[in-house]
Amino acid sequence: MYTPLSINLTTNGRPLRLHLLSTGSVAVKRRYREARGRGFGALLDFIIDSRFTEWLPIWVLVVEHPEGIFLIDTGEVAAIMRKDYFRSSGWIPSWFDKTQFHFKVTREDEIDVQLEKLGISTTQIKTIVLTHLHFDHTDGLLHFPDTRVLVNQLEWDKPFGAMKRLWPPHFQPVTVNLDCPYDMFERTYALTGGEDLVLVHTPGHTYGHCSVLIKTDAGHIMFAGDVCYSQEQLLNDAYTGANASHRMAHDTYERIKDFAQHQSLIFMPAHDPESAYRLASWTPVYNLPSEGLTALEDE
Ligand SMILES: [Zn+2]
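The text that follows walks through the structure, step by step, so that each part is easy to find. Starting afresh in each chain, residues are numbered from 1 along the sequence in its written order. In keeping with the predicted nature of the model, local features appear solely for residues at pLDDT of at least 70, side-chain atom pairs appear and are counted solely at 80 or more, and the whole-chain, interface and lining totals rest on all residues. Just so you know, side-chain values use all the structure's heavy atoms and leave hydrogens and water out.

## Considering the overall build of the protein
Note the following rule: Numbering of helices and strands starts at the N terminus; helices are DSSP runs of H or I of at least 4 residues and strands are runs of E of at least 2. The globule rule is 2.2 Å times the number of residues to the power 0.38, and the radius of gyration it is compared with is taken over C-alpha atoms. Each residue is placed in one exposure class: buried if its accessible area under a 1.4 Å probe, protein chains only, is under 20% of its type's maximum, exposed if it is over 50%, and partly exposed if it falls in between.
Counting its secondary structure elements, the protein contains 9 helices and 14 strands. A compact globule built from 299 residues would reach a C-alpha radius of gyration of about 19 Å, and the protein, at 18 Å, matches this within 12%. Projected onto its principal axes, the C-alpha coordinates of the protein cover approximately 55 × 40 × 40 Å. The proportion of buried residues among the 299 residues of the protein is 56%.

This is how it looks when you write it as structure tokens:
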């Protein structure tokens with residue numbers, strides 16, 4: 001449903017190729033995507049909401065970098081269409097995930113098949129980086145039994161809403177501490193020697209939630225996981241119905257907007273249908289007049 005997007009850029013003058021792939025689609029309660037209120041009230045409000053959103057993407061990002069191929073998140077798998085998929089996690093999580101989310105995922109949508117179509121075998125992936133541990137970001141791990149997986153130490157130590165029984169038995173991530181600042185972000189970890197691929201702590205959705213910041217010669221790109229469901233939400237200070245910490249989510253929004261006000265930033269949440277458009281047309285969060293970017297104007 002969501003067409004894959006491949007784009008050629010450069011980083012420090014060297015080629016950088018990105019592939020944005022949707023591993024099927026998901027629909028959530030409308031008031032889950034955009035909450036009225038916070039905390040328990042917001043939770044009840046979306047549980048009783050009968051309306052679902054349109055089909056949303058489940059983006060993952062492949063980064064063909066001079067230092068190797070990185071995969072950011074692993075997306076969803078067709079097995080989620082089975083009625084008993086969540087059974088191992090117990091009655092309440094099973095009821096919750098079956099009733100609050102709808103999925104449309106085929107075998108063709110899974111990450112291994114999509115990589116193969118790009119001429120990339122799963123064993124060519126140097127490192128998988130997970131934004132957080134929710135199943136629609138980790139289910140595709142089953143295709144990578146031998147690949148190094150990086151997770152923020154805090155996300156591993158204090159997961160929020162993760163369903164551990166769905167993880168493949170081989171899942172033993174390398175955990176990293178994010179202890180270097182990068183611009184307005186206090187806690188980051190460089191994924192490459194060139195420091196042009198950076199794991200950034202963007203908490204709120206979960207305590208250890210991270211985004212991946214890519215520094216290209218055209219400007220920055222942020223694969224933002226579940227920071228929010230759309231760029232509009234970021235700009236309007238609107239929040240989803242289930243954050244680990246509303247205060248942290250608010251602080252994350254402010255830091256991203258501050259960053260985008262002085263750096264050209266393409267913002268790509270994992271379930272935002274417009275992420276692909278903004279990357280393809282190079283449409284940053286704010287147009288910075290001082291930079292000679294090739295942004296497409298609407299008029
Ligand atoms: Zn999530």
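Past the structure itself, the notes keep going.
## Brief notes about the coordination of the zinc ion
For clarity, the cut-off: Keep in mind that water is not among the atoms, so a site may look incomplete; donors are the N, O and S atoms within 2.8 Å of the metal, or 3.2 Å for Na, K and Ca. Only two sets of limits are used to name each site, 85 to 135 degrees for every angle of a tetrahedral four-donor site, and over 155 degrees for opposite donors with all other angles from 65 to 115 for a square planar four-donor or octahedral six-donor site, with any other site named irregular.
Distances from the zinc ion to its protein donors, namely His132 (NE2), His134 (ND1), His205 (NE2) and Asp226 (OD), fall within the range 2.2 Å. One way to put it: the 4 donor atoms around the zinc ion meet at angles of 89 to 171°, and that makes the site irregular. For Asp226, a relative accessible area of 3% gives the class buried.

## Side note on the pairing of strand S12 (residues 210-215)
Cut-off, in case you're wondering: Note on pairing: two strands pair once DSSP finds at least 2 bridges between them.
Most of S12 is tucked away: 5 of the 6 residues are buried. Across 4 bridges, the pairing between S12 and strand S13 (residues 220-223) is antiparallel. Across the sheet, the residue bridging to Leu213 is Met222, located in S13. Two successive antiparallel strands, S12 and S13, enclose a turn made up of 4 residues, where Gly219 displays a positive phi of approximately 145°.

## Here's the deal with the packing of aromatic side chains
Using the following cut-off: Only Phe, Tyr and Trp rings take part, Trp by its six-membered ring, and two of them pair if their centres are within 6.5 Å. Stacked means planes under 30 degrees apart, edge-to-face means over 60, and tilted covers everything else.
Taken as a whole and judged by the stated rule, the model has 12 aromatic pairs. Judged by centre distance (6.0 Å) and plane angle (90°), the rings of Tyr32 and Tyr229 are edge-to-face. Here Tyr229 lies in the loop between S13 and helix H7 (231-236) and Tyr32 lies in helix H1 (residues 30-33), a separation of 197 residues in the sequence. Judged on exposure class, the residue Tyr32 and its partner Tyr229 are both buried.

## Quick notes on the side chain of Gln114
Let me state the cut-off plainly: Pairs of residues are marked as contacts when any of their non-hydrogen atoms sit within 4.5 Å.
Mapped onto the fold, Gln114 is located in helix H4 (residues 111-117). Judged by its relative accessible area of 9%, Gln114 falls in the buried class. Dropping the residues within four chain positions of it, Gln114 is found in contact with Pro4, Leu21, Ser22, Thr23, Glu108 and Asp109.

## Here's the deal with the nonpolar core
Which entries qualify depends on this criterion: Think of a nonpolar core as a cluster: buried Ala, Val, Leu, Ile, Met, Phe, Trp, Tyr and Cys residues, connected wherever their side-chain atoms sit within 4.5 Å.
The biggest cluster of nonpolar side chains holds 29 residues, and the ones touching the most others in it are Leu18, Leu61, Val63, Ile214, Ile221 and Leu279. Discounting chain neighbours no more than four positions away, the residues touching Leu279 are Leu5, Ile7, Leu18, Ile221, Ile266 and Met268. If you look at the next biggest cluster of nonpolar residues, it comprises 19 residues, including Phe185, Leu234, Ala249 and Ala260.

## Here's the deal with the pattern of salt bridges
Selection criterion: Any Lys or Arg side-chain nitrogen found within 4 Å of a carboxyl oxygen on Asp or Glu counts as a salt bridge.
Applying the stated criterion across every chain yields a total of 11 salt bridges. A salt bridge links Arg255 to Glu186, with the nearest nitrogen and oxygen atoms 3.4 Å apart. Residue Arg255 is found in helix H8 (residues 246-262), and its partner Glu186 is found in strand S10 (residues 185-190); the two are separated by 69 residues along the sequence. Judged by its relative accessible area of 22%, Arg255 falls in the partly exposed class. Salt-bridge contacts for Glu254 lead to Lys257; the nearest nitrogen and oxygen are separated by 3.7 Å. Residue Glu254 and its partner Lys257 are located together in helix H8, separated by 3 residues, close to a single helical turn. Judged by relative accessible area, Lys257 falls into the buried class, the value being 9%.

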